[in-house]
Protein chains: 12
Amino acid sequence: MRIRVINGPNLNMLGQRESQIYGSETLGEVEEQLRAVAAELGVDVDFVQSNSEGALIDAIQACRGSHDALIINPGGYTHTSVAIHDALRAAEVPAIEVHVSNIHAREGFRSESITGAACVGIVSGLGTYGYGLALQAAAKLARSRSQG
Amino acid sequence: MRIRVINGPNLNMLGQRESQIYGSETLGEVEEQLRAVAAELGVDVDFVQSNSEGALIDAIQACRGSHDALIINPGGYTHTSVAIHDALRAAEVPAIEVHVSNIHAREGFRSESITGAACVGIVSGLGTYGYGLALQAAAKLARSRSQG
Amino acid sequence: MRIRVINGPNLNMLGQRESQIYGSETLGEVEEQLRAVAAELGVDVDFVQSNSEGALIDAIQACRGSHDALIINPGGYTHTSVAIHDALRAAEVPAIEVHVSNIHAREGFRSESITGAACVGIVSGLGTYGYGLALQAAAKLARSRSQG
Amino acid sequence: MRIRVINGPNLNMLGQRESQIYGSETLGEVEEQLRAVAAELGVDVDFVQSNSEGALIDAIQACRGSHDALIINPGGYTHTSVAIHDALRAAEVPAIEVHVSNIHAREGFRSESITGAACVGIVSGLGTYGYGLALQAAAKLARSRSQG
Amino acid sequence: MRIRVINGPNLNMLGQRESQIYGSETLGEVEEQLRAVAAELGVDVDFVQSNSEGALIDAIQACRGSHDALIINPGGYTHTSVAIHDALRAAEVPAIEVHVSNIHAREGFRSESITGAACVGIVSGLGTYGYGLALQAAAKLARSRSQG
Amino acid sequence: MRIRVINGPNLNMLGQRESQIYGSETLGEVEEQLRAVAAELGVDVDFVQSNSEGALIDAIQACRGSHDALIINPGGYTHTSVAIHDALRAAEVPAIEVHVSNIHAREGFRSESITGAACVGIVSGLGTYGYGLALQAAAKLARSRSQG
Amino acid sequence: MRIRVINGPNLNMLGQRESQIYGSETLGEVEEQLRAVAAELGVDVDFVQSNSEGALIDAIQACRGSHDALIINPGGYTHTSVAIHDALRAAEVPAIEVHVSNIHAREGFRSESITGAACVGIVSGLGTYGYGLALQAAAKLARSRSQG
Amino acid sequence: MRIRVINGPNLNMLGQRESQIYGSETLGEVEEQLRAVAAELGVDVDFVQSNSEGALIDAIQACRGSHDALIINPGGYTHTSVAIHDALRAAEVPAIEVHVSNIHAREGFRSESITGAACVGIVSGLGTYGYGLALQAAAKLARSRSQG
Amino acid sequence: MRIRVINGPNLNMLGQRESQIYGSETLGEVEEQLRAVAAELGVDVDFVQSNSEGALIDAIQACRGSHDALIINPGGYTHTSVAIHDALRAAEVPAIEVHVSNIHAREGFRSESITGAACVGIVSGLGTYGYGLALQAAAKLARSRSQG
Amino acid sequence: MRIRVINGPNLNMLGQRESQIYGSETLGEVEEQLRAVAAELGVDVDFVQSNSEGALIDAIQACRGSHDALIINPGGYTHTSVAIHDALRAAEVPAIEVHVSNIHAREGFRSESITGAACVGIVSGLGTYGYGLALQAAAKLARSRSQG
Amino acid sequence: MRIRVINGPNLNMLGQRESQIYGSETLGEVEEQLRAVAAELGVDVDFVQSNSEGALIDAIQACRGSHDALIINPGGYTHTSVAIHDALRAAEVPAIEVHVSNIHAREGFRSESITGAACVGIVSGLGTYGYGLALQAAAKLARSRSQG
Amino acid sequence: MRIRVINGPNLNMLGQRESQIYGSETLGEVEEQLRAVAAELGVDVDFVQSNSEGALIDAIQACRGSHDALIINPGGYTHTSVAIHDALRAAEVPAIEVHVSNIHAREGFRSESITGAACVGIVSGLGTYGYGLALQAAAKLARSRSQG
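Only a predicted model underlies this, so the values are computations on that prediction, with no experimental measurement involved.

Student: When you look at the overall build of chain A in this model, what are you seeing that I'm missing?
Tutor: On a plain count of helices and strands, chain A comes out with five helices and five strands. Of the regular secondary structure in chain A, the N- to C-terminal order runs β-α-α-β-α-β-α-β-β-α. Taking 2.2 N^0.38 as the reference for a compact globule, 148 residues should give roughly 15 Å; the C-alpha atoms of chain A span a radius of gyration of 14 Å, in line with that estimate. Looking at chain A as a whole, 64% of its 148 residues qualify as buried.

Put into structure tokens, the structure is as follows:
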């Protein structure tokens, strides 16, 4: 069972930028913790981060046939990217969207999620802890699919 | 450490209505599972369900001073209730909003969350399994607050 | 064959308030006439009126399994209540929405019907006489379903 | 007492097109049934069908002075025709709008009724059976006017 | 010098319908007066009235090459007809739009003029007297063009 | 002369929640002060508070025939409740709406007042002191009506 | 019989600015021609021009009781000035709005007329010639009022 | 294999009006070329042009059962006609919409296609040459259907 | 303690215009009554009225350092004037906005208050009596500030 | 004569993803067919596909001076990319936009084409066959330019 | 070479009001610095400040023929004044708009610039230093025009 | 003191494309001039240009800790890129946005600046000369920060 965690633009600066919104853990630390959670859940996990919309689409498409689930934080592309939305549908791998901050409690232009509409579900506002929850859900989702 | 789980209108019909959207577990079964999760996490949990907006507001206000966190699925009130939004802010207890289905992947009038803007975060689309994830997050949140 | 007639907020004041818009018959008189129509049609009819959104949702849910059709005038909740919309879908009983006045010929905020989108049809603007027409249609609807 | 039933564009194809939405009765059969209902009610009824907005306006205007009520299904003109709205007001004959399907439960562009705002009331979503109900209401309306 | 006066839907009922809005003169009387004004101005005038959008377009197109100016009251088509707008541009004859009532002082859906955007100018709210003013302007316009 | 003061959702928490917005006086203290003002003005005053929209509607309707004026702070229902709007019109008792904070200086969704459109006037942003001003105005209003 | 012609901001530059839109006649020349038309019509005419919204309001108010009609070109204030709208209603003198260019054929923000909604009618797009037509209409309007 | 080509309002003036937008070929010439293309493709082709919305609907309905595909340029009706949209669906014949100019590169009100939403596809902006391409596609479409 | 009362456009016509909306008291009478109220409250009061937006801004700015509070009825500028909004913030004197009529119960364009968003609070719809209430509130506000 | 065919995000998955929408041919197969069509037309054709917006812009710019026409399917970037729009204008090479599915018959956010507004025309909804039609049109377009 | 610097409402309070937004320099100091910059650039500079929209329009019009460029900060009129927009176009003198604060980073109603659409360019958010930059640009602009 | 100048999509074609909008200088020439200005100001300057949104985000993030200010022209990404907005905030380096043309005087979709809301200020419409002004302002900004 393989799960990919994809982080979009500016998530490489986690822990450095605007820590009152995004917390103080770095992306490296978050990935470390997710490896631990994955080990407990008995799943393989790999990671991609890019600031480029095209590279994110490549990474999503590459899951097709090779991965059982996807966790994605599309960062600022969340609110406008029809192309990532299409990639998520094209990949035919169940995806869960994560946001570190609560997109419904910020500027108006952050409340809509174009990409989330192509995902199974969304975890938003629970800090970097939300990635771990999403990983649990993704593992469960992938299991029930492989059994269904 | 006490956490209240509040379910709004029509959640009493979980498992009976539109199971292709909401799954086949009843609310009783969900509460049973949450009691088990709570026991594991070492927290007390109690439950409220009502179809009445006023009763939900009463139940939220009652948490003030007595509970450490709140999990709420406001059902159809999510998209319009300024009054529940105000109650969540008045209660001054951290809250996590749960939706069984993905509110960004349904009718347009379900994509906005007025109540979620007064919560810490939102878990949406992960089925009834999302309540358990929210409970984990709520426990963590309450702990870090009581220590902070 | 059982049909429930549910009236929402301020319909208890029919015949008293703004008679140029709502006519001069009281709700009691309307219910009396509907009993007569029901007798002619050979169906049982019962009545609920409440100003509370939650009580209306309870009354709708209670029809599930026990009634064959539903007639509802959600009053002011028509235009905003996603929760009643959800209840109507959850009840899985065919419903017909009635409005005493023509919702398309009044203030702009009355022209949209959130609840009507979860009903089979709508009768609007035909005064209290519209309830009787809705009852005829509900009886026919229920009959064709039980035979279908 | 004379009542005219006017059907707009594409209603001549009733029973042939999209029967899951519009039912399987043809317009001829509907008119036959309405003649029977009219006979029972003791009113004269005549019929017009046209795909042309101008012809519909002609048919509405022609009712002035000669008919006591009007039943109209403006089809696709419902949502945009200020000209039919104006004709209904100019004719000074009470009108009831009928829609075979529920305009509040379909595409967004069908939920607004420009023409219905110039009618006494609207019957929507009750299939071709709705015409008969409208005829009852129209007869009652015309009677109370001629007596008032 | 030839000028055509085109009246759209429901203008054939001038003087009969809603006289508090549209005045008490009939279309025949208005045309009579315009013939007198035309005689004074030394121009030929002819008249078309139709409730049909297509017939109005035919009448506009027919002016091309044969008439020097056009006066048009598109009635309810004013607010929606891209087709009449296109016809006015296609005819390449200067047009003046007339409205008997003030379109900026009525329902919101009457304040926009799609057709007027393809005209030289608009006279609105001056009753049937506005046709005469438009005729003066049209004559002047046609003269300055033929000389320009 | 009798005047009812109705407070909606979350006003029972006045003085406890978000005191930088709503001030530090409790609802009990506010009611005490209003009793004193009422005594000075020579009017009877009674109080209702509820978090339930239905209970508020009941309390408004109950004023019909028994009270001379109404003061209402509909809290979060202000911005969405067509049902309270209708109740205020149905009660046929002059009403004054009060808001402790300035609804035009907060989130966008608080600037519209659906309920205030059915009131005589609105006092907003003057803290709990605004209730006393509204009481003065209500007394004056009721007096001029009983004399008019 | 006295009629005032009021010109708003930038109309003092008529004939100088953007002549392809506004023509080549100066405001002085226009006023000269209007004096001639007024003499023919047997009415007194006076003129006000100001770039200041307040001065225009003063000039409108001053007509109350002293003038029989008003012609106004509010220039750029047309599209936003509720204050001029209110002044026109307060003056209780019938007013006709004039625009040299066609407001429906320019930038979107010019198509709405806030001030025109408080006038009897509007003449737009007929160049400076439109003032003369408006004067004819104003004289007729004033006459029929003084006789009515 | 029969294909009908329907042209809406003002297309009869092709080659005469606004040639910088619509080109210099007349409708007759276009039809001539289409006959040649049809001959090459081995299909029968017939033509309808009308300025009347009703006549266009008649022509669309008439294809049902007799034609294998439809090419339509609804002209100005494209952006508003729900009735033509309904006719296209009622006819149950695959249709391709053609626009001579690029509807996405002109006034805002031309960018939406109500009628195109009921077609298989759209060819826009390729001048009169677009009809020929549409004819190729229609022939292919009809062939694959008759074989499917 | 000094308080300035500023009245904007058309308030100089109070008592003369549209008395069914604005009442029958003149501005002079209102100011007389406010002087009496001020005397009772032990505060100095002065008055400014102007139809000019610029003069109103001057009058607001002039309060800085010299006055303790401000009462303002910006009339028609309420709904559009960012400049008065800025002046109110620049003056750093607490202000209360007054409207004689209820801005939430009139035309849609009157429901938004740009200027009120820069005030402490708003009194609307209580007739000219509202000025006296605002004066009481302004005095209390100024006192608590000078003591705070 | 050289023509470039540019495919945007997710088009590399043609034939694999959502075949009920996009058909079963792969991009490789489509390109093969286009080479055949190009040979017949006597034009050179080359191909670019990328998921990256920046790479697409590079590919468009590179056509300047070297290619005679461009065919582009911008995929999900169609609806938001002002940058591709600008690139198309900057390249000064005539472009034709292709969409495999009908953008007017899908989700609302797909009906607007920002990029298409910078193209000569659009072919939409005709499946992968649409590329061939676009190639014919592009060849014709380029020829008439080189001769013009 | 003469350049006028025009400041609109509330700019006379620069340095006094909301210094965290507008900085601590007074308008007098700003003008002093601009005189120095002008001297360096070898241009004449004069200054106008007014809170009145009409006076600003007068000052803009007066530049026609006498000045070579214009720098304007229209303050709160920026967002609504069609009249200043028209004056800037009428003056036919190149203008540069300056805002001390960044209009794209404040309240929504400040992001649109009606007046800026009639200017050559805009400098926004660079504090009072922005005036000096605008002066450099204006001098360059005027020079290239006088040479062009 | 180091300042980076970042140019987004299509700016590499400066001087080549649409010179009536963007001028005739190439990006290379602009950068040459900026080096000269930088030398005068005593600051180091480096340059990045990319058509890729991801590369621009990389270039912005890389300034953190190494540069004192940033000048950015995000080209077409200005109007939609939440990701660049986030990068600008994450970098915590003061930024000034430059547009060669006036974004308030072009198509509607160019008037909003998502990226500019995360900058200190904006220079728009002053041609390539605007870069130099921005560089002056950036140097001043960086100096006052390093001293503050």
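Student: Explanation requested: the pairing of strand E1 (residues 2-7) of chain F in the structure shown.
Tutor: Looking along a regular strand, one sees the side chains alternate between the two faces of the sheet. Residue and element names in this part refer to chain F. Buried residues dominate E1, accounting for five of its six residues. Sheet analysis places E1 next to strand E2 (residues 44-49), joined by six bridges and oriented parallel. Looking across to E2, one finds that Asn-7 is bridged to Gln-49. Where E1 meets strand E3 (residues 69-73), five bridges bridge the pair, whose relative direction is parallel. Each residue of the ladder has a partner; that of Val-5, found in E3, is Ile-71.

Student: What am I meant to see in the relation of the copies chain G and chain E here?
Tutor: The transformation that overlays chain G on chain E combines an axial shift of 0.0 Å with a rotation of 180°, and the residual RMSD is 0.0 Å. Both copies of the chain, as the preceding transformation shows, are related through a two-fold rotation axis. Using C-alpha coordinates, one finds that chain G approaches the rotation axis most closely at Val-123 of chain G, a distance of 2.3 Å. Here 100% of the contact residues of chain G are again contact residues in chain E; the copies associate through an equivalent surface.

Student: Just checking my understanding: could you explain the arrangement of the chains for this structure?
Tutor: Separated in space, chain A and chain C share no contact, their closest pair of C-alpha atoms being 19 Å apart. Taking C-alpha atoms only, the smallest gap left between chain B and chain L, which are not in contact, amounts to 19 Å.

Student: Looking at this model, I keep getting lost on the nonpolar core. Mind explaining?
Tutor: Note on soluble globular proteins: their nonpolar side chains tend to be buried together. Counting 56 residues, the largest nonpolar core has Ile-60 and Leu-70 of chain D, Ile-60 and Leu-70 of chain E together with Ile-60 and Leu-70 of chain H as its most contacted members. Sequence-distant contacts of Ile-60 of chain E, that is, excluding residues within four places in its chain, are made with Ile-6, Leu-70, Ile-72, Ile-84, Ala-87, Leu-88 and Ala-91 of chain E.

Student: Got a minute to help me understand the sheet that holds E3 of chain F in this structure?
Tutor: Hydrogen bonding along the main chain pairs the strands of a sheet, whether they run parallel or antiparallel. The sheet built from 10 strands is open, its strands ordered E2(F)-E1(F)-E3(F)-E4(F)-E5(F)-E5(I)-E4(I)-E3(I)-E1(I)-E2(I) with mixed pairing. One side of each edge strand has no neighbouring strand; the edge strands of this open sheet are E2 of chain F together with strand E2 (44-49) of chain I. Recorded for the sheet is a direction-independent mean angle of 20° between the axes of neighbouring strands. Relative to strand E5 (residues 121-124) of chain I, strand E4 (residues 95-99) of chain I is paired through four bridges, and the arrangement is parallel. Looking across to E5 of chain I, one finds that His-99 of chain I is bridged to Ser-124 of chain I.

Student: Sorry, what's going on with the interface of chain G and chain E here?
Tutor: By a widespread convention, an interface's size corresponds to the accessible area lost as its parts come together. Each partner contributes residues to the interface: chain G has 23 residues there, and chain E has 23 residues. Remark: the boundary between chain G and chain E carries zero salt bridges. There are 10 residue pairs in polar contact (both at pLDDT 80 or more) connecting chain G and chain E. Mapped onto the side of chain G that touches chain E, the elements with two or more residues apiece are strand E5 (121-124) and helix H5 (129-147) of chain G. Tallying contributions element by element places H5 of chain G first for the side of chain G that touches chain E, with five residues. Per-class residue counts for the side of chain G that touches chain E are 12 nonpolar, nine polar and two charged. Pairing of strand E5 (residues 121-124) of chain E with E5 of chain G involves three bridges; the strand directions are antiparallel. What sits directly across from Val-123 of chain E, in E5 of chain G, is Val-123 of chain G.

Student: I would appreciate a short explanation of the confidence of the model for chain A in the present structure.
Tutor: Parts of the model with low pLDDT should not have their predicted coordinates read in detail. In this model, chain A carries an average pLDDT of 94, and 99% of its residues clear a pLDDT of 70 or more. Among the prediction metrics, the complex's ipTM stands at 0.94, with pTM recorded as 0.95.

Student: What should I look at first to understand the pattern of salt bridges in this one?
Tutor: Counted by the stated rule, this structure contains 96 salt bridges over all chains. Put simply, Glu-107 of chain F and Arg-89 of chain B hold a salt bridge, and the shortest N to O gap is 3.0 Å. With one member in each of two chains, Glu-107 of chain F in the loop between strand E4 (95-99) and strand E5 (121-124) and Arg-89 of chain B in helix H4 (residues 82-91) form a pair that bridges those chains. Between Asp-46 of chain L and Arg-2 of chain L there is a salt bridge whose closest N-O contact spans 3.2 Å. Note that Asp-46 of chain L is positioned in strand E2 (residues 44-49) and Arg-2 of chain L in strand E1 (residues 2-7), a separation of 44 residues in sequence. Owing to a relative accessible area of 19%, Asp-46 of chain L belongs among the buried residues under this scheme. Residues joined by salt bridges that share partners form a network here, namely Asp-86 and Arg-89 of chain A together with Arg-106, Glu-107 and Arg-110 of chain J.

Student: Hey, could you run me through the interface of chain I and chain K in this one?
Tutor: If you look at the interface, chain I gives 16 residues, while chain K gives 20 residues. Carbon and sulfur atoms supply 49% of the area that chain I and chain K bury against each other, a total of about 1400 Å² over both sides. For the chain I face of the interface with chain K, the top three residues by lost area are Gln-61, Val-82 and Arg-89 of chain I, together amounting to 35%. Connecting chain I to chain K are two salt bridges. In this structure, the connection of chain I to chain K is made through eight residue pairs in polar contact (both at pLDDT 80 or more). Of all the secondary-structure elements, those providing two or more residues to the side of chain I that touches chain K are helix H3 (53-61) and helix H4 (82-91) of chain I. Ranked by residue count, the leading element in the side of chain I that touches chain K is H4 of chain I, at seven residues.

Student: Any chance you could explain the packing of helix H3 (residues 53-61) of chain H against helix H4 (residues 82-91) of chain H here in plain terms?
Tutor: Helix-helix packing is described using two parameters, namely the angle between the two axes and the distance between the axes. Residues and elements named next belong to chain H. The interhelical angle for the contact between H3 and H4, taken along N-to-C directions, is 10°, at an axis separation of 9 Å. In terms of axis orientation, H3 runs roughly parallel to H4. Contacts between H3 and H4 pair Glu-53, Leu-56, Ile-57 and Ile-60 from the former with Ala-83, Ile-84, Ala-87, Leu-88 and Ala-91 from the latter. For the contact of H3 with H4, the class distribution of residues is eight nonpolar, no polar and one charged.

Student: Is there a simple way to think about the sheet that holds strand E2 (residues 44-49) of chain B in this case?
Tutor: Read from one edge of the open sheet, 10 strands run E2(A)-E1(A)-E3(A)-E4(A)-E5(A)-E5(B)-E4(B)-E3(B)-E1(B)-E2(B), paired in mixed fashion. If you trace the sheet from one side to the other, it starts and ends with strand E2 (44-49) of chain A together with E2 of chain B, each paired once. Across the sheet, the mean angle from the axis of one strand to that of its neighbour is 20°, orientation sign disregarded. On top of the sheet, helix H3 (residues 53-61) of chain A reaches strand E1 (2-7), E2 and strand E3 (69-73) of chain A; it is set at about 170° to E1 of chain A, its chief contact.

Student: Help me understand helix H5 (residues 129-147) of chain D, please; the structure alone is not making it clear to me.
Tutor: For an α-helix, the turn length of 3.6 residues means that residues three or four places apart are oriented alike. With 19 residues, H5 of chain D should cover 27 Å at 1.5 Å per step; its first-to-last C-alpha distance of 28 Å lies within 8% of that length. Elements that come into contact with the buried residues of H5 of chain D comprise helix H5 (129-147) of chain C together with strand E1 (2-7), helix H2 (27-41), strand E3 (69-73), strand E4 (95-99) and strand E5 (121-124) of chain D.

Student: Just checking my understanding: could you explain the relation of the copies chain I and chain K for this structure?
Tutor: Both copies of the chain are placed relative to one another by a rotation about an axis and a shift along it. In the superposition of chain I on chain K (RMSD 0.0 Å, axial shift 0.0 Å), the rotation amounts to 120°. Here the symmetry operator amounts to a three-fold rotation axis. By residue overlap, the copies meet through two different surfaces: only 12% of the interface positions of chain I are interface positions in chain K.

Student: I would appreciate a short explanation of the packing of helix H2 (residues 27-41) of chain B against helix H5 (residues 129-147) of chain B in the present structure.
Tutor: Residues and elements named next belong to chain B. Close contact between H2 and H5 brings their axes to 10 Å; oriented N to C, the two are set at 35°. Both H2 and H5 take part in a crossing whose hand is right-handed. Of the residues in H5, those touching H2 at Val-30, Leu-34, Val-37, Ala-38 and Leu-41 are Tyr-131, Gly-132, Leu-135, Gln-136, Ala-139 and Arg-143. Of the residues contributing to the contact of H2 with H5, the split by class is eight nonpolar, two polar and one charged.

The rules behind these values
Residues numbered from 1 in each chain as written. Chains lettered and ligands numbered in written order. Predicted model: local features only at pLDDT ≥ 70, side-chain atom pairs only at ≥ 80, totals over all residues. Heavy atoms only, no water. Helix = DSSP H or I, 4+ residues; strand = E, 2+ residues; numbered from the N terminus. Rg over C-alpha atoms; globule rule 2.2 N^0.38 Å. Buried < 20%, exposed > 50% of the residue type's maximum accessible area, 1.4 Å probe, protein only. Pairing = 2+ DSSP bridges. Least-squares fit on C-alpha atoms with pLDDT ≥ 70 in both. Contact = heavy atoms within 4.5 Å. Core = buried A, V, L, I, M, F, W, Y, C linked by side-chain atoms within 4.5 Å. Axes fitted to C-alpha atoms, helices over the stretch in contact; angles between N-to-C directions. Salt bridge = Lys/Arg side-chain N within 4 Å of Asp/Glu carboxyl O. Polar contact = N/O pair within 3.5 Å; in protein donor to acceptor, adjacent residues only side chain to side chain. Nonpolar A, V, L, I, M, F, W, Y, C, P; charged D, E, K, R; others polar. pLDDT = per-residue confidence, 0-100. Buried area = accessible area lost by both parts, 1.4 Å probe. Parallel < 35°, antiparallel > 145°, perpendicular 65-115°, else oblique. Expected span 1.5 Å × (residues − 1). Left-handed = near helix turned anticlockwise from the far one by under 90°.

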